[in-house]
Amino acid sequence: MNPLTEHEIRNAFVNCTKGEAKRLNIPRDLAEQPWEDLDFLGWRDPQAPDRAYLVTELDGRPVGVQLRSSSSGSWQTRRSMCLVCVTTHTGGVSLMVAPRSGKAGQQGNSVGIYMCSDLACSLYVRGKRDAGIGARLHESLTLEEKIQRTVANLAAFIAKVTA
């Protein structure tokens, strides 16, 4: 992923108003992000832990999605799989819900996906972050194929948000 500026990130959001995008908390450490290892930039709002954001590149332009995560519960002690990067976690996967863009979102329609709670899918796929024993299933796919699958899964979710 190409490094993004704060301005590019704020302008990328497709499922919130310009005012909401202007007010959201952007990570302060953009310069230190491992951009070459990221398929998307994902972060949680430190002032509102149930809010999360992700920005990726689709068709050569940044696209951002505002998310809400489910509240923690007893189900989080079970092993779950991220549907973006196919990493399994014990308590490290959350239901992330995105309001749909446009009129559908204004009417309250949303789309959800189970994904890594820390939004570090790119790092799990590349082995740069460890989710514990048994987190990565043995697969015959190459690293490049796993990255392509992660990007395709994320693109399919964003397509549902923007449909």
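You'll find the structure just up there.
### Examining helix α5 (residues 143-162)
The end-to-end C-alpha separation of α5 is 29 Å, in line with the 28 Å expected for 20 residues at 1.5 Å each. When we look at burial in α5, the residues that qualify are Lys-146, Ile-147, Arg-149, Thr-150, Leu-154, Phe-157, Ile-158 and Val-161. Projection of α5 onto a plane perpendicular to its axis shows the buried side chains occupying an angular sector of 165°, all on one side. Next to the buried residues of α5 lie β1 (40-45), β2 (48-58), β3 (61-69), β6 (93-99), β7 (110-116) and α4 (121-125).

### Remarks on the pattern of salt bridges
With the rule as written, the count across this model stands at six salt bridges. Of the charged contacts, one joins Glu-6 and Arg-10 as a salt bridge, the two residues approaching to 2.9 Å between their closest N and O atoms. In this pair, Glu-6 and Arg-10 are both assigned in helix α1 (residues 6-12), four residues apart and thus about one turn of the helix distant. The partner of Asp-37 in a salt bridge is Lys-128, and the shortest N-O contact between them spans 3.6 Å.

### Here's the deal with the pairing of β2
Bridge count between β1 and β2: six bridges; the pairing is antiparallel. Residue pairing across strands places Arg-44 opposite Ala-52, the latter belonging to β2. Linking β1 to β2, which pair antiparallel, is a turn of two residues. One ladder, built from eight bridges, connects β2 with β3; its direction is antiparallel. The residue of β3 that forms the bridge with Arg-51 is Arg-68. Connecting β2 to the antiparallel partner β3 that follows it, the hairpin turn spans two residues, and Asp-59 within it adopts a positive phi of roughly 55°.

### Focus: the environment of Gly-102
The topology assignment puts Gly-102 in helix α3 (residues 102-106). In this structure the C-alpha to C-alpha distance between Gly-102 and Val-14, which are 88 residues apart in sequence, comes to 8.2 Å.

### Considering the packing of aromatic side chains
Considering all chains together, one arrives at two aromatic pairs under this definition. Considering the side-chain rings of Phe-13 and Tyr-53, the 5.9 Å spacing of their centres and the 90° angle between planes classify their relative orientation as edge-to-face. Here the residue Phe-13 occupies a position in the loop between α1 and α2 (18-23), and Tyr-53 occupies one in strand β2, the gap between them amounting to 40 residues. For the residue pair Phe-13 and Tyr-53, the accessibility class agrees, reading buried in each case. With centroids separated by 5.4 Å and ring planes inclined at 35°, the aromatic side chains of Trp-43 and Tyr-53 adopt a geometry described as tilted. Residue Trp-43 is located in strand β1, and its partner Tyr-53 is located in strand β2; the two are separated by ten residues in the primary sequence. The pair formed by Trp-43 and Tyr-53 is uniform in burial state, with each residue classed as buried. Among the aromatic residues, those joined into a cluster by ring pairs are Phe-13, Trp-43 and Tyr-53.

### Some thoughts on the sheet that holds β3
On the basis of which strands lie adjacent, the open sheet formed by five strands has the order β1-β2-β3-β6-β7 and antiparallel pairing. In this open sheet, the two edge strands, each paired with only one partner strand, are β1 and β7. The average angle at which neighbouring strand axes cross in this sheet is 30°, direction not considered. Packed on one face of the sheet, α5 meets β1, β2, β3, β6 and β7 and runs near 105° to β2.

### What about unusual backbone geometry?
Where the residue is not glycine, phi is negative for most of them; where a peptide bond is considered, it is trans in most cases. The phi dihedral of Asp-59 is positive, around 55°, even though this residue is not glycine. Tracing the backbone through its elements, the reader meets Asp-59 in the loop between β2 and β3. Even without glycine at this site, Val-86 takes up a positive phi of about 65°. Its place among the elements puts Val-86 in the loop between β4 (79-81) and β5 (88-90).

Rules used throughout
- Residues numbered from 1 in each chain as written.
- Predicted model: local features only at pLDDT ≥ 70, side-chain atom pairs only at ≥ 80, totals over all residues.
- Heavy atoms only, no water.
- Helix = DSSP H or I, 4+ residues; strand = E, 2+ residues; numbered from the N terminus.
- Expected span 1.5 Å × (residues − 1).
- Buried < 20%, exposed > 50% of the residue type's maximum accessible area, 1.4 Å probe, protein only.
- Arc of directions from axis to C-beta.
- Contact = heavy atoms within 4.5 Å.
- Salt bridge = Lys/Arg side-chain N within 4 Å of Asp/Glu carboxyl O.
- Pairing = 2+ DSSP bridges.
- Phe/Tyr/Trp six-rings, centres within 6.5 Å; stacked < 30°, edge-to-face > 60°.
- Axes fitted to C-alpha atoms, helices over the stretch in contact; angles between N-to-C directions.

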